[in-house]
Amino acid sequence: MEPLKTVEGRAYPLGTKNVDTDMVIAAKWLKTISRVGLGKGAFEALRADPDNVFDDPTYAGSPILIAGDNFGCGSSREHAAWALIDMGVRVVIAPSFSDIFASNAFKNGILTVAVPQEAVDRLMEVAKTDPIHVDLEAQSVTTPFQDRFSFEIDPFRKSCLLGGLDEVGLTLGNTSGIEQYEQKRAADQPWLVPAVA
Amino acid sequence: MTQPTTLYQKIWDAHVVERRDDGTCLIYIDRHLIHEVTSPQAFEGLRIAGRKVRRPDLTLAVPDHNLPTTARRDAAGNRIPIADPEGAGQLAALERNAPEFGIRYFGDADPEQGIVHVVGPEQGFTLPGTTLVCGDSHTAAHGALGALAFGIGTSEVEHVLATQTLLLKQSKTMEVRVDGELGPGVTAKDLILEVIRRIGTAGGTGHVIEYRGSAFRDLSIEGRLTVSNMSIEGGARAGLFAPDEKTFAYLKGRPMAPQGAAWDAAVAYWKTLVTDEGAVFDTSVVFDASEVVPNVTWGTSPEDVVPITGVVPAPESFADPSKQAAAKAALDYMGLTVGQRMEDVPVEHIFIGSCTNSRIEDLRAAAAVLKGRKIAGTIRQALVVPGSGLVKRQAEAEGLDRIFTESGFEWREPGCSMCLGMNPDRVPAGERCASTSNRNFMGRQGPGARTHLVSPAMAAAAAITGHLTDVRELVGETA
Ligand code: SF4
């Protein structure tokens, strides 16, 4: 995973509340076999509207997405996080997130920034004309106009994102416990290995 | 003296690799089942990071969800192409990934192929006291053998592949205790539907359920698999049955089960896997087996259960306003009217199959009802889909396939089939199916499809009469 320290750039000013994972990536995209390429299916229904922010050249390739309350509710599909990463989004800013989405986002290297609605409103306004700066180390979101909003994050998630460490990588970082466990079980209960390998 | 502990606690404690300060534990996983839908991106993740599968010997891959249940090879032995390109893509990915990562794989035309949750127990891959995971919520089924088994998401599949562990927090425990004897014509399916009716689909949330009492003990392993399978419909991540002599007899001689001296050592350990006298459960649900009758679902949630002798309930009969609204929507979707007798509800489709009810005993129970009878002329499609190639062979050896086909059923190849609208077997919109599967959600068997969950015997009875039917009337109380 790419480490995430600071992210600066334009932001998609979506603003919508209750964006469910079906809106992020519709069910018909679930039969894929890759995490890559889902970006083209992202926000498909919203993109039917010719004035949507995602197809507006002003915001093309933005690394930040700004949304309303309860972002990522609905089905637990991990494809929603894969689709966002694939379209280049590393940070989602909203007043609140669904737990499952927040966990899936984190597992895939996306930072979810929860700030109060007033902050979201201000950032939506700035996003229309200027870039936004997210600093994970300082836990802050700033704008070229001296706005500064701070946010909370679980220290474990913070260090993983800063270091670009995924959960698998972390567990693999120290496998001595697993090795000891396996040795003990191989000695105590050798029959645990299936009879036909 | 040590504290009396639950079976769940014993299995959990035996699998803790590391304990963190916040209570999260790194838990060792003994068995990992893989199918084609939730694994492609996990393998992709490994490939991108240059990682390998830590214990391919503890992993088993089988395709099931997307496979058509019609013939898979032509007369010359060539694969018959699958119409749906995406489903075919997922199947091809598994067929590629398994050998690439050194994982044992039962292919679409192997006799061992079947629904993952049928194959695991049948092969002796599932063992008492093990932790078992699969990227599928009905993994709970394996708890029937005393394995701590639960479904996981794709990221977790990748974590298990790479590390053979998962980071987990301990669940709460729930005991469901049913003593007494089930009446004639009342099956394991009716019993678990009764449990879900009582606790609701969220009743077991955050819990692991242990099924206790003589009614559960008296069930065969097949029956226990049916019960444990639907633990997730009651909100519980896993279900458990303490292993006993029936469990050992079922497993003995299975291809992947321990043999010889190893078998004896294993059985000695398995015998310790019981909840101690005096152990405390966080939640307890108790009722008597005599209260269970043949059940059927009327709505679009597995908790929407009524006796087959009952009527469609009025939404106002539910206390909770959100349940009232859900019931109204369900009745609309299902095309049913309040007060309608369940036995008067006509069905056009019959599905006998799925990881809930596709084992040999299920097929025997359905065949016993169908023998010498014909399905009603109003039935548009009646499918029997054995849970695995081995179940299919066994049924054919017993002549069950003939009973099914002579009565008008189609005898198919093993797979998930009409349990979910992911492969060609679907119920058309607005049509009704008596189904032995586990979910009656809107659109589950195809967009607009209407599902009534029943036992295999009740599905067979509905096939004969063309409407939902009390199997006890059809075969007499003594059946
Ligand atoms: S038979 Fe149905 S419930 Fe079971 S694994 Fe297949 S799709 Fe899931």
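Parameters at a glance
- Every chain's residues receive numbers from 1 upward, in the order its sequence appears when written.
- Starting at A for chains and at 1 for ligands, labels are handed out in the order in which the entities are written.
- Note on the predicted model: pLDDT of at least 70 is required for a residue's local features to be given, and 80 or more for side-chain atom pairs to be given and counted; whole-chain, interface and lining totals, by contrast, use all residues.
- To obtain the side-chain values, all non-hydrogen atoms of the structure were included, while hydrogens and water were left out.
- Summary of the distance rule: residues count as near a molecule or strand when at least one heavy atom falls within 4 Å of that molecule or strand.
- Each domain's extent was defined by an automatic or database domain assignment.
- Residues count as neighbours in contact if any of their non-hydrogen atoms are within 4.5 Å of one another.
- Two parts lose some accessible area (1.4 Å probe) when they are put together, and adding that loss for both gives the buried area.
- By definition here, a salt bridge exists when the distance from a side-chain nitrogen of Lys or Arg to a carboxyl oxygen of Asp or Glu is within 4 Å.
- Counting of polar contacts relies on pairs of N or O atoms within 3.5 Å, with two restrictions inside protein: one atom must be capable of donating a hydrogen and the other of accepting it, and residues adjacent in sequence are counted only when both atoms are side-chain atoms.
- Helix and strand definitions here come from DSSP, where helices need a minimum of 4 consecutive H or I residues and strands a minimum of 2 consecutive E residues; each element is numbered from the N-terminal end.
- Three classes are used: nonpolar for Ala, Val, Leu, Ile, Met, Phe, Trp, Tyr, Cys and Pro, charged for Asp, Glu, Lys and Arg, and polar for all others, with Gly counted as polar.

Draft legend 1. Broad picture of the site of the ligand. Taken together, the residues surrounding the ligand are His65, Ile115, His117, Asp136, His138, Ser354, Cys355, Cys416, Cys419, Leu420, Asn438 and Arg444 of chain B. Both domains that meet at the shell around the ligand, namely domain 1 (1–293) and domain 2 (295–478) of chain B, each give it at least three residues.

Draft legend 2. Seen up close, the domain arrangement of chain B. All names here are of chain B. Here chain B is partitioned into domain 1 (1–293) and domain 2 (295–478). Once you take the C-alpha centre of each, domain 1 and domain 2 turn out to be 24 Å apart. Listed as interface residues are 45 residues of domain 1 and, on the opposing side, 47 residues of domain 2. Between domain 1 and domain 2 lies a buried interface of about 3,600 Å² when both sides are counted; carbon and sulfur atoms form 58% of it. If you sort the residues of domain 1 by the area they bury against domain 2, Thr69, Ile115 and Lys189 come out on top, with a joint share of 18%. When the shortest N-O distance is used, the salt bridge between Arg439 and Glu233 registers 3.1 Å. Where domain 1 packs against domain 2, one counts 27 residue pairs in polar contact (both at pLDDT 80 or more). At six residues, helix H6 (residues 188–199) tops the list of elements feeding residues into the side of domain 1 that touches domain 2. For the side of domain 1 that touches domain 2, a count of residues per class yields 15 nonpolar, 19 polar and 11 charged.

Draft legend 3. View of the interface of chain B and chain A. In this complex, chain B contributes 51 residues to the contact, which on the side of chain A involves 33 residues. Taking both sides of the interface into account, the surface hidden between chain B and chain A amounts to around 3,400 Å²; carbon and sulfur atoms contribute 56%. On the surface where chain B and chain A come into contact, there are seven salt bridges. Secondary structure elements with two or more residues in the side of chain B that touches chain A: strand S1 (16–19), strand S2 (25–28), helix H2 (40–49), helix H3 (85–100), helix H5 (154–163) and helix H10 (260–270) of chain B. Looking at the side of chain B that touches chain A element by element, the count peaks at seven residues for H5 of chain B.

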